[in-house]
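Take a look at the letters that make up each chain.
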Amino acid sequence: MGSRKPHFLEACFLCRKPLGYNSDIFMYRGNTPFCSKECRQEQIEVDESAEKKTWKMSSSSSRSIRKSDPKDSASDKTIRTGTVAVA
């Protein structure tokens, strides 16, 4: 009749291997299924690498903006030193 939409737990997110009815499913970030710890770990590493690249790009672009801002000189800044204790 109509095409059936696949259930999100039918296949591994990374390798697309079908997930067995009575087998372990390794979840990541809420609702992302994997067939093994290895597939899940590979995805975690891919995500962490992408996040680091995004962070580096946003950090370097904000650094260049700060460097080029003429009103941002060292004489305008107050620096506080000391020890902070948290209980």
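The structure this text deals with has already been given above.
Treat the numbers as computed from the prediction; the structure is a model and nothing was measured.

Peer 1: Pulling in residues and values, what's your account of the pattern of salt bridges?
Peer 2: In the structure shown here, the tally under the stated rule is two salt bridges. In this structure, Arg-29 and Glu-51 form a salt bridge, with 2.6 Å as the shortest nitrogen-oxygen distance. Here Arg-29 is found in the loop between strand E1 (26-28) and strand E2 (32-34), whereas its partner Glu-51 is found in helix H1 (residues 37-67), with 22 residues between them in sequence. Residue classification places Glu-51 among the partly exposed residues on the basis of a relative accessible area of 42%.

Peer 1: I'd love a proper account of a nonpolar patch on the surface, names of residues and values included.
Peer 2: On the surface, a cluster of nonpolar side chains totalling about 230 Å² of accessible area is made up of Phe-8, Ile-25 and Met-27. If you trace the backbone, Ile-25 turns up in the segment before E1. Among the residues examined, Ile-25 registers a relative accessible area of 31% and is labelled partly exposed.

Peer 1: Kindly report on the environment of Lys-17, identifying the contributing residues and their values.
Peer 2: For Lys-17, the position within the fold is in the segment before E1. Residue classification places Lys-17 among the partly exposed positions, given a relative accessible area of 48%. When the C-alpha positions of Lys-17 and Phe-34 are compared, they lie 8.7 Å apart, and in sequence the two are 17 residues distant. Non-local contacts of Lys-17, meaning those with residues more than four positions away in its chain, are made with Glu-10, Ala-11, Cys-12 and Cys-35.

Peer 1: Describe the state of the cysteines, with residues and values.
Peer 2: Here the structure, examined in full by the defined rule, presents zero disulfides. In this model Cys-12 remains outside any disulfide bridge; the closest cysteine sulfur is found in Cys-15, 3.7 Å from its own. Judged by its relative accessible area of 0%, Cys-12 is buried.

Peer 1: I'd like a rundown of the packing of aromatic side chains, residues and numbers included.
Peer 2: A complete count under the given rule lists two aromatic pairs for this structure. Relative to Phe-34, the ring of Phe-13 has its centre 6.0 Å away and its plane inclined at 75°; by these criteria the two rings are edge-to-face. Pair noted here: Phe-13 is in the segment before E1 and Phe-34 is in strand E2, with a separation of 21 residues, a long-range link. Residue classification places Phe-13 among the partly exposed residues on the basis of a relative accessible area of 38%. Residue Phe-34 is classed as buried on the basis of its relative accessible area, which comes to 0%. Through successive ring pairs, a cluster of aromatic residues spans Phe-13, Tyr-28 and Phe-34. The cationic tip of Arg-16 hangs over the ring face of Phe-13; the distance from NZ or CZ to the ring centre is 5.5 Å.

Each value, and the rule that gives it
- Residues numbered from 1 in each chain as written.
- Predicted model: local features only at pLDDT ≥ 70, side-chain atom pairs only at ≥ 80, totals over all residues.
- Heavy atoms only, no water.
- Salt bridge = Lys/Arg side-chain N within 4 Å of Asp/Glu carboxyl O.
- Helix = DSSP H or I, 4+ residues; strand = E, 2+ residues; numbered from the N terminus.
- Buried < 20%, exposed > 50% of the residue type's maximum accessible area, 1.4 Å probe, protein only.
- Patch = residues over 30% accessible without salt bridge, like charges linked within 9 Å, V, L, I, M, F, W, Y side chains within 5 Å.
- Areas by Shrake-Rupley, 256 points an atom, 1.4 Å probe, with all protein chains shown as cover.
- Contact = heavy atoms within 4.5 Å.
- Disulfide = S-S within 2.5 Å.
- Phe/Tyr/Trp six-rings, centres within 6.5 Å; stacked < 30°, edge-to-face > 60°.
- Lys NZ or Arg CZ within 6 Å of the ring centre and 35° of its normal.

Remember, this is a structural readout, not a statement about activity or role.
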